[in-house]
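Observations on the three-dimensional arrangement
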There are 4 protein chains.
Amino acid sequence: MKELETSINIDVRFSETDAMGVVWHGNYLKYFEDGRESFGIKYGVEYLDIYKEGYFTPIVKSEINHKSTINYGEKVQVRVILEKHYAAKIIFRYEVFNLTTNKIAATGKTIQIFMNVIDRTLELIKPKFYEIWENKQNWKEV
Amino acid sequence: MKELETSINIDVRFSETDAMGVVWHGNYLKYFEDGRESFGIKYGVEYLDIYKEGYFTPIVKSEINHKSTINYGEKVQVRVILEKHYAAKIIFRYEVFNLTTNKIAATGKTIQIFMNVIDRTLELIKPKFYEIWENKQNWKEV
Amino acid sequence: MKELETSINIDVRFSETDAMGVVWHGNYLKYFEDGRESFGIKYGVEYLDIYKEGYFTPIVKSEINHKSTINYGEKVQVRVILEKHYAAKIIFRYEVFNLTTNKIAATGKTIQIFMNVIDRTLELIKPKFYEIWENKQNWKEV
Amino acid sequence: MKELETSINIDVRFSETDAMGVVWHGNYLKYFEDGRESFGIKYGVEYLDIYKEGYFTPIVKSEINHKSTINYGEKVQVRVILEKHYAAKIIFRYEVFNLTTNKIAATGKTIQIFMNVIDRTLELIKPKFYEIWENKQNWKEV
């Protein structure tokens, strides 16, 4: 498998906690989104770049596995890993790490597809611009 | 002052609470929004109705005054009152009532303006369709 | 497989849409939560009931599969199905149905575990109160 | 008036936009919260510091005035200004600046009070620890 990755630190918002005193489970999808945006900036494939090429990439599947909790005030790091695949899909894996407790808080995965901005149809093969982008990256073999 | 009003019951979501065990203060703006939508349905001025007339009505001011807290599991009612004004503004007041504790949880206010969908410019006088709508309503003098 | 189910209608909030004009993908977890709460009320197993028995039931896994989009103003129904299992887990499946377009918007799944309120340890066998509750239900064989 | 201030940059999340393509108005309260937390870190008065002193500081009033919109992908800066007052209140003002359009997006204000953690009663005079903290700061006269 070929992979590209990045990591970001997240400041947990008070509004993201719930009455159990921990980050509400659904807010991890926001942290995943933060991770994807940071990945996009680092590697030059931001949403708006993709949009300019005539595509948007809606999420068709997302998955979160919770391992431990995050309390307000704890430091969090999200590791985002893009997997290279033949299919016209963007597949990210995530690891949410609680830097304060030194524990994995969650792992996750999202799958995105390419849709044409004009007619909102699914692209069955990878857009050319994306393949060019893929070929320029320095993928890590794992 | 001439007024129109409606009330709705809100089910507090677990995700709306925070680590203090109460509804996070910013989520009251969602309850206000629920109230406005309910008002729109009752009186035939939903966002989409207004949009079809060529306008959208962004919020230019919002205000929340918190009086007591809402815990998860408590029953909440939002009272929404539209004030009639000469200006081309939509001014709503809100009362969030905690039915479980029998206390006012919050009061609030929002001001919306009319903007033209096409050129995104501010309407300085009330759109005709809105004046017609106003004239059909059975306003309560208070 | 034995199952219990309920359905609820959801009013999509404007604040739940995103810049693509559709419900932001992560907000489906809020709809799932709405569904679980409605299920809890219908069958007498609300969060607070469970809490009074000395347990809370954190989500350890959640999964959403998106099939089509939901626009603001569209009517949505969530079907929530509890699966009966031997393990000390609460496993729900979800179907989010767009009543306006007559299409499945998403399917999903969550897994919850039982944790002891006092010492925050995982319960490896089903709590007695829950087994009693299970035995009283009129499960549908599917 | 004596003031202390700080500024932070905000990355607008896709999930914070709405179907109008701009940041949903209620999300500004999250940006204000981000600003307060940053202020707390800079000046040594984080929520958890205050909590350890036996107080929490719920928001009793919040206000947002919208001047222009923020689109996804635009850079945002929040300026947070603490006003010094005799009353036992924490009064912050906010300016949300859209760095991309070079326009003020919003201004705002929040008022917090001191509540005793133990008995959840309102403190009518400033807690001693807070007065000590105030006296150590290098306030700017404006």
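Residues numbered from 1 in each chain as written. Chains lettered and ligands numbered in written order. Predicted model: local features only at pLDDT ≥ 70, side-chain atom pairs only at ≥ 80, totals over all residues.

Let us now look at the overall build of chain A. A count of helical and extended segments in chain A gives three helices and eight strands. When the helices and strands of chain A are listed from N to C terminus, the series reads β-α-α-β-β-β-β-β-β-α-β. Taken over C-alpha atoms, the radius of gyration comes to 16 Å for chain A, in line with the 14 Å a tight globule of 142 residues would show. Over its C-alpha atoms, taken along the principal directions, chain A stretches across nearly 45 × 35 × 20 Å. (Helix = DSSP H or I, 4+ residues; strand = E, 2+ residues; numbered from the N terminus. Rg over C-alpha atoms; globule rule 2.2 N^0.38 Å.)

To continue, consider the relation of the copies chain B and chain A. When chain B is fitted onto chain A, the two copies agree to an RMSD of 0.0 Å after a turn of 180 degrees and an axial shift of 0.0 Å. The transformation relating the two chain copies, once decomposed into turn and shift, fits a two-fold axis. The rotation axis passes nearest to the C-alpha of D18 of chain B in chain B, at a distance of 2.0 Å. Comparing contact sets, 100% of the residues at the interface of chain B also lie at the interface in chain A, consistent with an isologous, same-surface contact. (Least-squares fit on C-alpha atoms with pLDDT ≥ 70 in both. Contact = placed C-beta atoms within 7 Å.)

Next up on the list: the sheet that holds strand β4 (residues 75–83) of chain D. Ordered in space as β8(B)-β1(B)-β4(B)-β5(B)-β6(B)-β3(B)-β3(D)-β6(D)-β5(D)-β4(D)-β1(D)-β8(D), the twelve strands form an open sheet in which the pairing is antiparallel. Edge positions in the open sheet fall to β8 (140–141) of chain B together with β8 (140–141) of chain D, since each of these has one partner strand only. Against the sheet, helix α1 (residues 28–43) of chain B touches β1 (2–11), β3 (59–66), β4 (75–83), β5 (89–98) and β6 (103–113) of chain B, its axis set at about 120 degrees to β1 of chain B. (Pairing = 2+ DSSP bridges. Axes fitted to C-alpha atoms, helices over the stretch in contact; angles between N-to-C directions.)

Residues and elements named next belong to chain A. Turning to its location among the elements, L82 is positioned in strand β4 (residues 75–83). Placed ten residues apart in sequence, L82 and F92 show a C-alpha to C-alpha distance of 4.5 Å. Sequence-distant contacts of L82, defined by excluding residues within four places in its chain, comprise E3, L4, F39 and F92.

To continue, consider the interface of chain B and chain A. The parts lose accessible area when they come together, and the size of an interface is often stated as this lost area. Between chain B and chain A, the residue contacts involve nine residues of the former and nine residues of the latter. Here the residues of the side of chain B that touches chain A are counted per class, giving four nonpolar, four polar and one charged. (Nonpolar A, V, L, I, M, F, W, Y, C, P; charged D, E, K, R; others polar.)

Residue and element names in this part refer to chain B. The terminal C-alpha atoms of α1, which comprises 16 residues, lie 22 Å apart, in line with the 22 Å expected from a rise of 1.5 Å per residue. For α1, the full list of buried residues reads Y28, L29, K30, Y31, F32, E33, D34, G35, R36, E37 and F39. Where α1 terminates, the next one or two residues include G44, which has phi positive at roughly 70 degrees. (Expected span 1.5 Å × (residues − 1). Buried ≥ 20, exposed ≤ 12 C-beta atoms within 10 Å, placed from the backbone.)

Our next topic: the sheet that holds strand β1 (residues 2–11) of chain C. Strand order in this open sheet of twelve strands is β8(A)-β1(A)-β4(A)-β5(A)-β6(A)-β3(A)-β3(C)-β6(C)-β5(C)-β4(C)-β1(C)-β8(C), and the pairing throughout is antiparallel. Either end of the sheet is taken by a strand with one partner, and the two such strands are β8 (140–141) of chain A together with β8 (140–141) of chain C. For strand β5 (residues 89–98) of chain A and strand β6 (residues 103–113) of chain A, the ladder comprises ten bridges, and the chain directions are antiparallel. Within β6 of chain A, the residue paired with F97 of chain A across the bridge is I104 of chain A. Across the sheet, helix α1 (residues 28–43) of chain A is in contact with β1 (2–11), β3 (59–66), β4, β5 and β6 of chain A; its angle to β1 of chain A comes to roughly 120 degrees. Sheet strands in contact with helix α1 (residues 28–43) of chain C are β1, β3 (59–66), β4 (75–83), β5 (89–98) and β6 (103–113) of chain C, and its direction is about 120 degrees off that of β1 of chain C.

Turning our eyes to something else, we now look at unusual backbone geometry. Residue and element names in this part refer to chain B. Within the chain, N102 stands out as a residue other than glycine whose phi angle is a positive 65 degrees. Examined against the element boundaries, N102 turns out to sit in the loop between β5 and β6. Of note in this structure, R120 is not a glycine but carries a positive phi near 55 degrees. For R120, the position within the fold is in the loop between β7 (115–116) and α3 (128–136). When the 10 C-beta atoms within 10 Å are taken as the criterion, R120 is described as exposed.

These two copies of the chain differ by a rotation about an axis and a displacement along the same axis. Between chain B and chain D, which share one sequence, the superposing operator has a rotation angle of 180 degrees and an axial displacement of 0.0 Å; the RMSD is 0.0 Å. Mapped onto chain D, 100% of the interface residues of chain B are again interface residues, and the two copies thus contact each other with one and the same surface.

Our focus in this paragraph is the interface of chain B and chain D. Between chain B and chain D, the residue contacts involve 15 residues of the former and 15 residues of the latter. Of all elements in the fold, only α1 and β3 of chain B reach the threshold of two or more residues within the side of chain B that touches chain D. Tallying contributions element by element places β3 of chain B first for the side of chain B that touches chain D, with eight residues. Looking at the side of chain B that touches chain D residue by residue, the classes come out as seven nonpolar, five polar and three charged. Relative to strand β3 (residues 59–66) of chain D, β3 of chain B runs antiparallel, the two being bridged by five bridges. What sits directly across from E63 of chain B, in β3 of chain D, is E63 of chain D.

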